[in-house]
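Below are the chains, spelled out letter by letter.
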Amino acid sequence: MRLLSFGILVGLLATSPALAQGRRGGGGGRPAVDRAALEAAIEELKAPDMATVLNAITKLAEFADPRATAPLTRLLRAGPPDELTHAAIQALGAISDPDSVDVLIEYTRHRRPRVRRLAVQSIAQIRDPRVNDKVNEALRNALRDSNDRVRGVAAIAIGEHGDRGAMDLLFLAFERNVPEAAISIGKLGGTAEAERLAGFLGRRQLSEILPGFNEFLRRSDFPDDAKVNIIHKLEEIAGPDVKRFLVNFLASPPPGLSQKVKDEAQRVVRIIPDAI
Amino acid sequence: MARPTVMAWRVAAASAVLLAALGCEELFGGVMEPTAFGNLFADNREEDVAKVVARLPAPAPATAPANRLGRPLVAGLRYGTPGVFVFDVSTGTMLWNKEMSVASRPVLTDRAVLVQSGSDVVSLRLEDGSEMWRIETEGMSFFGAAHDEKYAYLTLGVTVSHVGRLIAVNADSGWTSWKIQTTKLFGRPAAAGGLVFVPWERQDISVLDRESQEEIARIRSVDDVYNFVFARPQGVFYGSKGLYRFDGKSFHGTQQDATYYRPPMQGIPGDPELWADAFAEPTGGRNAREKIRFFVAPAFDPAGQSVTLEHDKLFLLYFRFLVAYDAASGAIQWIYRHPDDIEAVSVQPSGVFLVDSPGNLVRVAADTGLPDWRLPIGIDVAAATFDIAGFSPPSQPVGTVGTMRVQLLQVILDQDNRLLPFRQYLIAKLAQLPEPEVTRDILDVYAQRTSPQALKDAARAALASRAQGAEHLIGALDTHTDYLMNTQAPPMGVVAQSLVAMQARAAVTGLVAHLLDPETPLEDLQEVAQALVDLGDASLISTFESYLTLYHADSAFSQNPNALNVLADGLLKYGGEEERRFLDNLVASTYTLPALKAHIQKRYDEIEQARLAAEEAARLAAEAAAAGTVSAVQEVLPQTLSREQVGQAMTANAALIAPCVQAKMQRSPTLSQVRMVFRLSNTGQASDLSVLPSDDAEFTACLSEALSQIQFPRFLALSQRAQFTIDIATPEPPPGTAPGTPPPGPGTPPTPILPGTPIVPTGPVGPVAPPPPPPGVPGAGTTSVPVAPLPPPPPPPGVPGAGTVPVTPLPPPPPPPGVPGTGTVPVTPVAPPPPPPGVPGATGTGAATTPTTPGAGTPPPPVANPDEYPDVLPPE
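If you're wondering where the values come from, they're calculated on a predicted model, not measured in any experiment.

Visitor: Tell me about the overall build of chain A, and name the residues and values.
Guide: A tally of helices and strands in chain A yields 17 helices and zero strands. Scored against the burial criterion, the 276 residues of chain A give a buried share of 51%. Excluding contacts between residues fewer than 6 apart, the proportion of contacts in chain A whose partners are at least 24 apart in sequence is 66%.

Visitor: Go over the overall build of chain B with me, naming the residues and quoting the values.
Guide: Each helix and strand in chain B was counted, giving 19 helices and 32 strands. When burial is assessed residue by residue, chain B has 57% of its 876 residues classed as buried. Counted over contacts in chain B with a minimum sequence separation of 6, partners at least 24 positions apart contribute 64%. Carbon together with sulfur atoms contributes 57% to the accessible area of chain B, which is approximately 33500 Å² in total.

Visitor: Let's hear about the nonpolar core: which residues, and what values?
Guide: Residues Tyr325, Phe422, Leu511, Leu548 and Leu583 of chain B are the most contacted members of the largest nonpolar core, which totals 104 residues. When residues of this core are assigned to their parent elements, the largest contribution, eight residues, is made by helix α13 (residues 562–574) of chain B. Setting aside its immediate chain neighbours within four residues, Phe422 of chain B contacts Ile268, Pro269, Leu316, Tyr318, Phe321, Val323, Tyr325 and Val411 of chain B. In terms of nonpolar packing, the next biggest core, distinct from the first, is built from 85 residues, Leu139, Ala157, Ala173 and Phe213 of chain A among them.

Visitor: Run through the side chain of Gln234 of chain B, naming residues and quoting values.
Guide: All names here are of chain B. Structurally, Gln234 can be placed in the loop between β16 (228–232) and β17 (235–239). Relative accessible area serves as the criterion here: at 8%, Gln234 is assigned to the buried category. A distance of 3.4 Å separates the side chain of Gln234 from the backbone oxygen of Pro298, its partner in a polar contact. Setting aside anything within four residues of it in sequence, one finds Gln234 in contact with Pro59, Ala60, Ala62, Arg245, Pro298, Ala299 and Phe300.

Visitor: Any chance you could break down the pattern of salt bridges for me, citing the residues and the numbers?
Guide: Side-chain pairing between opposite charges can occur once the charged atoms of the two side chains come close. Applying the stated criterion across every chain, the model contains 64 salt bridges over all chains. Note that Arg112 of chain A and Asp82 of chain A form a salt bridge whose closest N and O atoms lie 3.0 Å from each other. Within this pair, whereas Arg112 of chain A is found in the loop between α7 (101–107) and α8 (113–124), its partner Asp82 of chain A is found in helix α6 (residues 82–95), the two being separated by 30 residues in sequence. Since its relative accessible area comes to 11%, Arg112 of chain A is described here as buried. In this structure, the salt-bridge partner of Asp271 of chain B is Lys241 of chain B, at a minimum N-O distance of 2.7 Å. Of the two residues, Asp271 of chain B is situated in the loop between β19 (260–261) and β20 (292–295) and Lys241 of chain B in the loop between β17 and β18 (243–245); the sequence distance between them amounts to 30 residues. Look at Lys241 of chain B and you get partly exposed, because its relative accessible area is 32%. Members of the salt-bridge network, linked through shared partners, are Lys291, Arg320, Arg337, Asp341, Glu343, Asp414, Asp416 and Arg418 of chain B.

Visitor: Summarise the sheet that holds strand β22 (residues 321–326) of chain B; cite the residues concerned and give the values.
Guide: All names here are of chain B. The strand order across the open sheet built from four strands is β20-β21-β22-β23, with neighbouring strands paired in antiparallel fashion. Edge strands, defined here as strands with exactly one partner in the open sheet, are β20 and β23 (332–337). Taking each pair of neighbouring strands and ignoring which way they run, the sheet shows an average axis angle of 20 degrees. Bridge count between β20 and strand β21 (residues 313–318): four bridges; the pairing is antiparallel. Directly across from Phe295, in β21, lies its bridge partner Phe315. Each of β22 and β23 is contacted by helix α4 (residues 404–412), which is oriented at about 45 degrees to β23, the strand it contacts most. The sheet strands contacting helix α5 (residues 420–431) are β21, β22 and β23, and the helix crosses β22 at an angle near 35 degrees.

Visitor: Explain the side chain of Arg116 of chain A to me, and be specific about the residues and the numbers.
Guide: Looking at the secondary structure, you find Arg116 of chain A in helix α8. A relative accessible area of 2% places Arg116 of chain A in the buried class. A polar contact is formed between the side chain of Arg116 of chain A and the backbone oxygen of Arg111 of chain A, at a distance of 3.1 Å. Engagement of the side chain of Arg116 of chain A in a polar contact is seen with the side chain of Asp145 of chain A, the distance being 2.6 Å. For Arg116 of chain A, the residues in contact, after removing those within four places along its chain, are Tyr107, Thr108, Arg109, His110, Arg111, Asp145, Ser146, Asn147 and Val150 of chain A together with Pro518 of chain B.

Visitor: How would you sum up the sheet that holds strand β15 (residues 215–220) of chain B? Please name residues and give values.
Guide: All names here are of chain B. Judged by pairing direction, the sheet is antiparallel, and its four strands sit side by side in the order β12-β13-β14-β15 without closing on themselves. The strands lining the two open edges of the sheet, one partner per strand, are β12 (190–192) and β15. Pairwise comparison of adjacent strand axes, ignoring direction, gives a mean angle of 20 degrees for this sheet. As paired strands, strand β14 (residues 204–209) and β15 are joined by five bridges and run antiparallel to one another. In the strand pairing of β15, Leu208 is matched with Glu215. Seen against the sheet, helix α3 (residues 46–55) touches β13 (195–200), β14 and β15 and runs at an angle of roughly 110 degrees to β15.

Visitor: Before we move on, can you summarise the confidence of the model for chain A with the specific residues and values?
Guide: Of the residues in chain A, 88% reach a pLDDT of 70 or more, and the chain-wide mean stands at 89. pLDDT under 50 marks residues 1–28 of chain A. Its contacts with residues more than four places away, or in other chains, come to 80 contacts.

Visitor: Run through the interface of chain B and chain A, naming residues and quoting values.
Guide: Contacts between the two partners involve 33 residues from chain B, matched on the other side by 34 residues from chain A. Looking at the side of chain B facing chain A, the largest losses of area belong to Tyr483, Leu484 and Tyr591 of chain B, adding up to 28% of the total buried there. Here Asp482 of chain B and Arg144 of chain A are joined by a salt bridge, their closest N and O atoms 2.8 Å apart. Split into classes, the residues belonging to the side of chain B that touches chain A amount to 17 nonpolar, eight polar and eight charged.

Visitor: Give a detailed account of the environment of Asp224 of chain A, specifying residues and quantitative values.
Guide: Residue and element names in this part refer to chain A. The topology assignment puts Asp224 in helix α15 (residues 224–236). Exposure remark for Asp224: the relative accessible area of 30% places this residue in the partly exposed category. Distance from Asp224 to Gln259, taken between C-alpha atoms, is 9.6 Å for residues 35 residues apart in sequence. If sequence neighbours within four positions are ignored, Asp224 has contacts with Ser258 and Val261. Within polar-contact distance, the side chain of Asp224 engages the side chain of Ser258 at 2.9 Å.

Visitor: How would you sum up the packing of helix α12 (residues 181–188) of chain A against helix α14 (residues 206–218) of chain A? Please name residues and give values.
Guide: Residue and element names in this part refer to chain A. Two numbers describe how α12 lies on α14: the axes approach to 7 Å, and their chain directions differ by 20 degrees. It follows that α12 is roughly parallel to α14 by the angle criterion. As α12 packs across α14, the resulting crossing turns out to be right-handed. Residues Ala182, Ile183, Ile185, Gly186 and Lys187 of α12 form the contact with α14, whose own contacting residues are Glu208, Pro211, Gly212, Glu215 and Phe216. Class assignment of the residues belonging to the contact of α12 with α14 gives a composition of five nonpolar, two polar and three charged.

Visitor: Lay out unusual backbone geometry in plain terms, naming residues and giving numbers.
Guide: Residue and element names in this part refer to chain A. With a phi angle near 55 degrees, Ser96 is a residue other than glycine that sits in the positive phi range. Looking at the element boundaries, Ser96 is found in the loop between α6 and α7. Judged by its relative accessible area of 17%, Ser96 is buried.

Visitor: Hey, could you go over helix α18 (residues 654–667) of chain B for me, with residue numbers and the actual values?
Guide: Each turn of an α-helix holds 3.6 residues, which means side chains three or four residues apart point in the same direction. Residue and element names in this part refer to chain B. The terminal C-alpha atoms of α18 lie 20 Å apart, and with 14 residues this matches the ideal 20 Å at 1.5 Å per residue to within 8%. Buried within α18 we find Ala654, Ile657, Ala658, Cys660, Val661, Lys664 and Met665. Check the buried side of α18 and you find it contacts α17 (643–652), α19 (697–708) and β31 (719–727).

Cut-offs and rules
- Residues numbered from 1 in each chain as written.
- Chains lettered and ligands numbered in written order.
- Predicted model: local features only at pLDDT ≥ 70, side-chain atom pairs only at ≥ 80, totals over all residues.
- Heavy atoms only, no water.
- Helix = DSSP H or I, 4+ residues; strand = E, 2+ residues; numbered from the N terminus.
- Buried < 20%, exposed > 50% of the residue type's maximum accessible area, 1.4 Å probe, protein only.
- Contact = heavy atoms within 4.5 Å.
- Areas by Shrake-Rupley, 256 points an atom, 1.4 Å probe, with all protein chains shown as cover.
- Core = buried A, V, L, I, M, F, W, Y, C linked by side-chain atoms within 4.5 Å.
- Polar contact = N/O pair within 3.5 Å; in protein donor to acceptor, adjacent residues only side chain to side chain.
- Salt bridge = Lys/Arg side-chain N within 4 Å of Asp/Glu carboxyl O.
- Pairing = 2+ DSSP bridges.
- Axes fitted to C-alpha atoms, helices over the stretch in contact; angles between N-to-C directions.
- pLDDT = per-residue confidence, 0-100.
- Buried area = accessible area lost by both parts, 1.4 Å probe.
- Nonpolar A, V, L, I, M, F, W, Y, C, P; charged D, E, K, R; others polar.
- Parallel < 35°, antiparallel > 145°, perpendicular 65-115°, else oblique.
- Left-handed = near helix turned anticlockwise from the far one by under 90°.
- Expected span 1.5 Å × (residues − 1).

In structure tokens form, the structure reads like this:
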């Protein structure tokens with residue numbers, strides 16, 4: 001790596017091959033980006049003042065055009081000041097170009113937790129089968145982070161990214177006080193995982209488990225019997241929190257919720273007194 | 001007032017006759033003019049002491065119990081329901097067990113057990129516990145008693161008002177024969193040969209004739225305190241931290257001239273007493289003070305001219321642990337871990353007997369530390385005292401003897417939090433063992449989640465002192481902090497330092513991984529970076545550049561840019577023009593952290609100075625060559641400073657450093673070692689100090705300030721790293737070391753360097769210096785260097801002082817005998833020695849990178865050895 005001082009490197013940005021070739025401009029079903037505006041924003045990345053550069057990054061994030069990936073990647077690899085780092089990472093997340101995965105993964109190992117958290121969030125937005133393995137591994141590694149916010153973001157991101165292979169790791173994280181893991185368990189798990197999560201009832205705060213159940217109950221691909229089973233598990237520990245949870249669930253039911261599940265939830269709501 | 005009747009007069013007259021017949025001293029007892037303990041009595045008179053010695057019985061071995069029953073007995077206090085008991089050890093039967101309130105530990109005499117009960121000292125008959133007599137303490141504290149065949153001698157007193165009372169009581173009748181009361185505080189007395197030995201005010205011991213009650217001799221310490229005196233068949237002994245034999249030399253009043261033994265161990269937590277303090281008021285319950293102390297027994301010396309210990313060992317009780325120390329070397333011989341608290345210990349020729357809280361009598365073999373005999377007393381015990389001389393039950397050892405490493409580890413890993421200071425102390429002992437696995441053990445102690453922080457700190461310090469086991473450190477680098485797996489990286493700061501000291505170049509890959517690991521604490525990152533610079537090579541250039549690129553403008557390093565600075569140094573060390581341009585760009589960048597910019601710029605300035613110096617040296621060399629002489633500069637200035645030269649400079653300025661260390665020791669009494677790593681410029685200025693322990697900013701600042709005032713000798717290279725270790729836990733040898741065996745490792749036997757100052761420069765090893773050769777090998781970097789008194793001595797001949805560069809050839813400095821390039825500076829004590837309690841002695845050695853001073857006539861160019869840290873950039 002050579003001459004990566006930020007002030008010097010921005011001069012190289014104008015020669016971005018991606019921009020020059022315009023290889024992905026306006027693609028991917030996104031609204032077409034004005035080429036001139038895009039070029040101007042990339043040009044502004046060379047500005048000597050940070051405010052202008054920051055503004056340019058913001059524009060590029062709004063454009064969400066993959067042609068900005070390479071200039072932003074080079075910007076990040078030049079080691080910019082904090083604000084620009086944060087903005088550039090978020091911009092890459094907005095663009096969601098698989099080509100940015102490598103640099104974002106590098107930033108999941110940054111010394112500042114905030115940077116790691118932003119990198120994890122941005123990586124999670126990239127949905128491309130070509131980089132799925134890389135993304136999944138990065139998100140799983142982020143679950144091991146010593147910073148609880150990074151872990152929390154990673155746990156949720158795994159669910160959003162649909163990494164069903166991470167189920168054991170999510171349960172381990174949940175056991176190790178990463179409550180956000182319950183959400184992903186609820187998003188990705190099957191009936192066995194729902195049972196396993198229910199096993200934490202009485203051992204962990206109900207407020208940490210309910211988000212997981214909420215995900216299970218709102219899924220259309222989750223069997224009704226398993227949903228009813230969850231409701232029965234909640235009935236066993238009937239209390240105001242359970243009642244509030246089920247009332248809210250019934251107040252905004254997911255599309256296609258079966259009558260069977262709805263009836264069972266209503267029954268449990270009825271038998272739980274308002275105050276215990 | 002009523003007039004006495006005739007009958008009364010008759011009774012009085014008859015009584016007077018009777019008194020005369022009985023011996024009036026016992027009935028009138030008590031009213032004496034205190035001629036003893038007077039201020040005018042001359043102390044330390046040789047003829048007085050000789051009279052006492054002449055009256056003492058000849059030394060004899062203790063072969064049988066001293067009590068009249070002739071049976072081995074243990075007298076003790078019950079725990080729970082208060083009471084006193086006497087247990088016959090030979091039969092395993094309780095002689096008696098009496099419920100009563102007790103306010104003192106029991107004193108076992110030849111015919112009774114003496115205890116304080118309420119406001120009385122009560123004598124309980126040995127056979128059945130019946131009360132023989134009682135003496136009113138009149139509100140005073142009971143300090144203890146001694147006895148002979150005629151009297152029991154009791155000392156009472158009031159500590160606050162310094163009132164002391166000595167009472168001689170007929171041992172059978174309890175009648176007070178005489179008593180003396182003064183304004184001096186008396187300690188527990190001793191009796192032998194018709195004499196009473198009374199310690200007072202912790203400085204004097206008066207010897208009284210029991211019949212005349214007159215003081216016939218007095219010894220007074222002029223360089224010690226006297227905390228106890230006791231009499232045994234082997235002789236009369238006294239002392240405080242050490243043990244004196246009362247003999248014809250006692251009149252000197254000094255340690256050196258008396259027959260004296262002082263245990264060599266230092267730094268034991270809790271400052272354990274060698275013998276029970278005679279001035280401490282005995283308590284009637286379990287007492288932490290009694291659970292941290294030594295137990296010893298004087299060995300029989302027919303000539304009575306020495307102080308030797310039974311088994312040649314001291315036995316330290318630390319709650320549940322019994323530690324045997326070699327009396328000569330102070331090395332730990334074994335550690336016995338008992339399941340319960342130990343309430344009393346007695347050292348006998350057949351072994352070490354103890355009584356534990358649940359009431360078990362156990363004997364531990366003195367040579368192995370294995371329990372080999374056990375007898376239950378049957379009641380919970382609060383305190384006990386032994387009279388079991390000659391008792392030797394058959395030995396039935398239980399268990400096997402573990403290695404010293406295993407024994408130490410068992411204690412270190414013990415979860416009893418009362419033992420934490422002792423566990424810290426033992427970690428330092430463990431670190432002195434030569435087995436490579438010890439390095440792994442210490443890392444494991446550090447990594448244990450249950451280890452208290454204080455223990456982790458001790459482990460860090462211990463690790464820093466290791467010279468063996470690099471492979472275990474390298475293996476430990478595979479462990480990273482992982483929240484999910486609940487793993488913790490090793491203490492990378494100290495691991496990195498140790499790897500450098502061990503020259504473990506195989507560690508580079510693992511170190512890179514920890515450099516890039518965001519979990520590596522910032523304070524450790526500098527050491528990791530430094531280790532990479534020290535152990536790595538040019539293949540690391542891209543790693544250094546990537547890291548500098550990523551973080552040169554990042555706030556992650558805004559508070560502490562040291563790691564980045566070190567990596568920039570690494571680029572200068574291994575890189576060329578391309579890397580120089582890379583650094584130029586960093587300096588030019590608007591966003592680069594100011595401290596990093598300043599550091600790079602500073603290095604540039606140093607490089608320029610070195611270039612100029614090299615040019616000057618070359619010019620002088622050319623002139624000398626032209627004139628047919630040897631370059632003055634080449635002959636005088638070394639390429640870098642040797643470890644000895646660094647050590648000399650440090651020890652010569654010990655007075656600057658001592659206050660910092662002493663202040664730190666007050667804040668951290670268990671401090672065992674201080675490690676300083678710093679950069680030396682070729683003008684002799686130190687900078688960039690890092691200190692272990694690193695958790696005390698005040699300490700670091702103090703040392704930095706002190707270091708900045710030290711003028712080191714100049715040298716030719718641009719700069720060099722130097723390391724200096726202050727070992728506070730010495731001079732105690734490592735555990736298991738046989739008497740007379742030199743300690744392993746690079747250190748030579750420590751020597752005090754500054755009276756009262758526990759500073760020990762030990763074997764610093766420059767980061768790129770090879771492991772020091774064994775002691776005695778010329779050039780070894782570990783040599784005792786006594787610290788010179790204030791003011792510091794001038795630079796040695798031939799070594800240029802600050803700012804002075806001779807221009808005429810000078811002969812090289814004459815090396816002192818034995819070690820080239822090092823020497824021992826004669827020391828004149830600048831302060832009286834007595835270290836504070838628990839403050840160990842001070843010794844050490846100093847070192848730096850191996851000197852590369854060219855020989856006479858060697859062509860000059862001061863080009864750095866590329867394998868060494870002191871580095872000069874290639875010419876641009």
